[in-house]
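Residue strings, one per chain:
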Amino acid sequence: MKAVIFGAGPCGLTAGWYLARKGVEVTVVEKDDTVGGLCKTARKNGYGFDLGGHRFVSKNEVLVKDIKNLLGPGLLTRSRKSIILFKDRRFDYPVNLGNVLSQSTFLMTLKFSAGYLFSSLGGGSARAREGSFEAWVDKRFGRPLNDYFFKPYTKKLWGVAANDLSDEWASRRISVLSAKDAILKAINGANGAPRTYAMSHLYPENGIGQMFEEIAEDIVRLGGKIITRSRPVKFLISGSKVTGVTIEDRDGARETVKGDEYLSTIPLNELAGLLAIDSDFKLEFRSLRFLNITLKGVKDFSDNTWIYTPDPDMIMTRIQEPKKYSPKMAPKNKTSIIVEIPCDYGDQIWRMDVNDLLDTAIGDLAELGFDLRANVADVFSTYAKYAYPVVKVGANDQIEALRKEIIRFTNLKSLGRQGLFKYIFMDTAMSMGMKWAGSI
Ligand SMILES: Cc1cc2nc3c(=O)[nH]c(=O)nc-3n(C[C@H](O)[C@H](O)[C@H](O)COP(=O)(O)OP(=O)(O)OC[C@H]3O[C@@H](n4cnc5c(N)ncnc54)[C@H](O)[C@@H]3O)c2cc1C
């Protein structure tokens, strides 16, 4: 049995790993120079920088056990502390209404409470489109808090209005205190509540990328093949089966890889194009640019793992301190930060000179109370073109239509975050890969 997998991110690599472990001949084709997908770690001068820090939290016990065995003592159990800094105020993360109210002025408290009460009593949201992010938050928090806090943050992060964005993201990422969540949390602590509440997580000591570098090494040790700097350019089809795929490397050299089963974790629209599926549906992805800054004369940036910065007038959405994930992410007594900046692929922020972008970020950081102008030792950028699938209201029908076209091919599956065009976490992507491997 032979399997060919496109994309060496968490989904593709985990699939390849479980197949290689059961003796299947595996070939993984990856267009980048290195493996890991969005879960990569860039390393420079003893510092490590993820593409935005990644927590590994999973309810898949087999997967967790296997990852623990693979990484041994190099897999740390960490706890995290996160806050939101917004308009000179400090809020808890995850958001919790009691805390928001306690941090607000009397007038704001009055407004937020009235809005919350109105929505809790079933007050409608005539302004919001059904199934939109805006409607979801209006319903749970009321309009005033949505207008003050969530809507501006959403626009900044996603680049689209909250009323156009599907509520899918809201339910996955803002596991805020609905009555059910609150009860679960009260009874079970973080265990019973959604993953946003998980205060402890697993993390490889040398960055999240280590997990996928080691999985890739194990695939090769078990006889599998990982071909980087290459992408599929033509699928060979016979009836309802894929019989081979031509791949091309960066120098234009081509070869055909053949398998019995195929898994694609590349963006759904790219796959549809390769299969000549006729669709005018355009998938949009929000991109991220990261400023990876090493600091001099600072041992600790803050006591938080990460800080959310929703202010629409600031360029960044998050600041992370890699050392808080693992002490090995910075040399002893030194530290660094990652400034996470949402943008669109190729736009002004994506293209801006790194020092100009740093200047803007330093200005915003100073406004937040972190004056680092004299402390920057080094800075470099990393990029994630396909960071977030922008699922707009109504898009799920079109995605489903595309998926139906793809499942006509009986030995091909499209899975993972890009392959499903779905906002999923790393452990879900890994579990999908694992399940697919188990099914063949
Ligand atoms: C800023 C940020 C923070 C996050 N934090 C967390 C977290 O704390 N915890 C968590 O669980 N999840 C987190 N996630 C989500 C996590 O990164 C994803 O769920 C996970 O990476 C999805 O894995 P995947 O394999 O499906 O996709 P990807 O990681 O995107 O991998 C897809 C792979 O396919 C390759 N590829 C694309 N096109 C082609 C092509 N044409 N040919 C060949 N290869 C191709 C890509 O280069 C990539 O290597 C975060 C995501 C972001 C953006």
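Residues numbered from 1 in each chain as written. Predicted model: local features only at pLDDT ≥ 70, side-chain atom pairs only at ≥ 80, totals over all residues.

## Description of the overall build of the protein
Moving on, step 1. Regarding its fold elements, the protein presents 15 helices and 19 strands.
Moving on, step 2. What you see for the protein is a C-alpha radius of gyration of 22 Å, in line with the 22 Å of a compact globule of 440 residues.
Moving on, step 3. C-alpha atoms of the protein, sized along the principal axes, occupy 70 × 55 × 45 Å.
Moving on, step 4. Counting all 440 residues of the protein, 41% fall into the buried class.
Moving on, step 5. By sequence separation, contacts in the protein at least 24 residues apart represent 70% of the contacts at least 6 residues apart. (Helix = DSSP H or I, 4+ residues; strand = E, 2+ residues; numbered from the N terminus. Rg over C-alpha atoms; globule rule 2.2 N^0.38 Å. Buried ≥ 20, exposed ≤ 12 C-beta atoms within 10 Å, placed from the backbone. Contact = placed C-beta atoms within 7 Å.)

## A short note on the sheet that holds strand S9 (residues 225-227)
Moving on, step 1. Reading across the sheet, the five strands line up as S9-S2-S1-S13-S19 and stay open at both edges, with parallel pairing between neighbours. Each of the sheet's edge strands pairs with one partner strand only, and the pair in question is S9 and strand S19 (412-414). The average undirected angle you get between the axes of adjacent strands in this sheet is 15°.
Moving on, step 2. In this sheet, S9 lies alongside strand S2 (residues 25-29) in parallel orientation, the contact comprising three bridges. Its bridge partner lying in S9, Val28 is registered against Ile226. (Pairing = 2+ DSSP bridges. Axes fitted to C-alpha atoms, helices over the stretch in contact; angles between N-to-C directions.)

## Details of unusual backbone geometry
Moving on, step 1. Notably, Arg229 is not glycine yet its phi reads approximately 55°, a positive angle.
Moving on, step 2. Looking at where Arg229 falls in the secondary structure, it is placed in the loop between S9 and strand S10 (230-238).
Moving on, step 3. A positive phi angle, close to 55°, is found at Ala276, a residue other than glycine.
Moving on, step 4. You can see Ala276 is positioned in the loop between helix H10 (268-274) and strand S14 (285-295).

## Concerning the sheet that holds strand S11 (residues 241-249)
Moving on, step 1. If you walk across this open sheet you meet the three strands as S10-S11-S12, and the pairing is antiparallel. Only two strands of the sheet have a single partner each, and these edge strands are S10 and strand S12 (254-257). Strand-to-strand twist of the sheet, defined as the mean angle between neighbouring strand axes without regard to direction, takes the value 25°.
Moving on, step 2. Bridging between S11 and S12 involves four bridges; their strand directions are antiparallel.

## Topic: the packing of helix H4 (residues 106-120) against helix H6 (residues 143-158)
Moving on, step 1. Running from N to C, H4 and H6 point in directions that differ by 125°, and their axes come no closer than 6 Å. Viewed along their axes, H4 and H6 adopt a mutual orientation that is oblique. Contacts between H4 and H6 pair Lys111, Phe112, Gly115 and Tyr116 from the former with Arg143, Pro144 and Leu145 from the latter.
Moving on, step 2. The class makeup of the residues in the contact of H4 with H6 is four nonpolar, one polar and two charged. (Parallel < 35°, antiparallel > 145°, perpendicular 65-115°, else oblique. Nonpolar A, V, L, I, M, F, W, Y, C, P; charged D, E, K, R; others polar.)

## A short note on the site of the ligand
Moving on, step 1. Gly7, Gly9, Gly37, Gly52 and Gly416 are the nearest of the 36 residues found near the ligand.
Moving on, step 2. Secondary structure elements with two or more residues in the shell around the ligand: helix H1 (10-21), S10, strand S18 (376-389), helix H14 (416-420) and helix H15 (426-439).
Moving on, step 3. Residue composition of the shell around the ligand, by class: 19 nonpolar, nine polar and eight charged.
Moving on, step 4. Taken together, domain 1 (2-35 + 61-74 + 205-283 + 391-439) and domain 3 (285-389) each give at least three residues to the shell around the ligand, which thus spans both. (Near = placed C-beta within 6 Å. Domains from an automatic or database assignment.)

## Considering the nonpolar core
Moving on, step 1. Judged by nonpolar contacts, the single largest core of 103 residues is most densely connected at Ile5, Leu13, Ala15, Leu19, Val26 and Val339.
Moving on, step 2. In this structure Val26 touches Ala3, Ile5, Gly16, Leu19, Ala20, Ile219, Gly224 and Lys225, once residues within four positions along its chain are discounted. (Core = buried A, V, L, I, M, F, W, Y, C linked by C-beta atoms within 7 Å.)

## Quick notes on the pairing of strand S7 (residues 89-92)
Moving on, step 1. Sheet topology note: the strand S6 (residues 82-86)/S7 ladder contains four bridges and is antiparallel. Directly across from Ile84, in S7, lies its bridge partner Phe91.
Moving on, step 2. Taking the residues that link successive antiparallel strands as the turn, the S6-S7 hairpin has two residues, and the phi of Lys87 there is positive, at about 45°.

## Comments concerning the packing of helix H2 (residues 61-71) against helix H9 (residues 208-221)
Moving on, step 1. The N-to-C vectors of H2 and H9 enclose an angle of 85°; their axes lie 10 Å apart at closest approach. The angle between H2 and H9 falls in the class roughly perpendicular. In this structure, H2 uses Ile67, Leu70 and Leu71 to contact H9, whose residues at the interface are Met211, Glu214, Ile215 and Asp218.

## A closer look at the environment of Pro94
Moving on, step 1. One can find Pro94 in the loop between S7 and helix H3 (97-102).
Moving on, step 2. What makes Pro94 partly exposed here is the crowd of 19 C-beta atoms within 10 Å.
Moving on, step 3. Sequence spacing of Pro94 and Trp350 is 256 residues, and the spatial spacing of their C-alpha atoms is 29 Å.

## So, the domain arrangement of the protein
Moving on, step 1. Along its sequence, the protein is organised into domain 1 (2-35 + 61-74 + 205-283 + 391-439), domain 2 (94-194) and domain 3 (285-389).
Moving on, step 2. Opposite the eight residues of domain 2 that make contact, domain 3 presents seven residues.

## Points about the environment of Ala162
Moving on, step 1. Mapping Ala162 onto the fold places it in the loop between H6 and helix H7 (168-173).
Moving on, step 2. Distance from Ala162 to Lys151, taken between C-alpha atoms, is 5.8 Å for residues eleven residues apart in sequence.
Moving on, step 3. Every residue in contact with Ala162, bar those within four places of it in the chain, is listed here: Ser132, Phe133, Glu134, Phe150, Lys151, Thr154 and Lys155.

## Section: the confidence of the model for the protein
Moving on, step 1. When pLDDT is averaged along the protein, the result is 90; 93% of the residues meet or exceed 70.
Moving on, step 2. Low pLDDT (under 50) marks residues 182-187, which in the prediction has seven contacts with non-local residues, meaning those over four places away or in another chain. (pLDDT = per-residue confidence, 0-100.)

## Points about H1
Moving on, step 1. If you check H1, its first and last C-alpha atoms are 16 Å apart, about what twelve residues at 1.5 Å a residue would give, namely 16 Å.
Moving on, step 2. Across the twelve residues that make up H1, a large majority, eleven, are buried.
Moving on, step 3. Buried within H1 we find Pro10, Cys11, Gly12, Leu13, Thr14, Ala15, Gly16, Trp17, Tyr18, Leu19 and Ala20.
Moving on, step 4. Just past H1, the residue Gly23 takes up positive phi, approximately 90°. (Expected span 1.5 Å × (residues − 1).)

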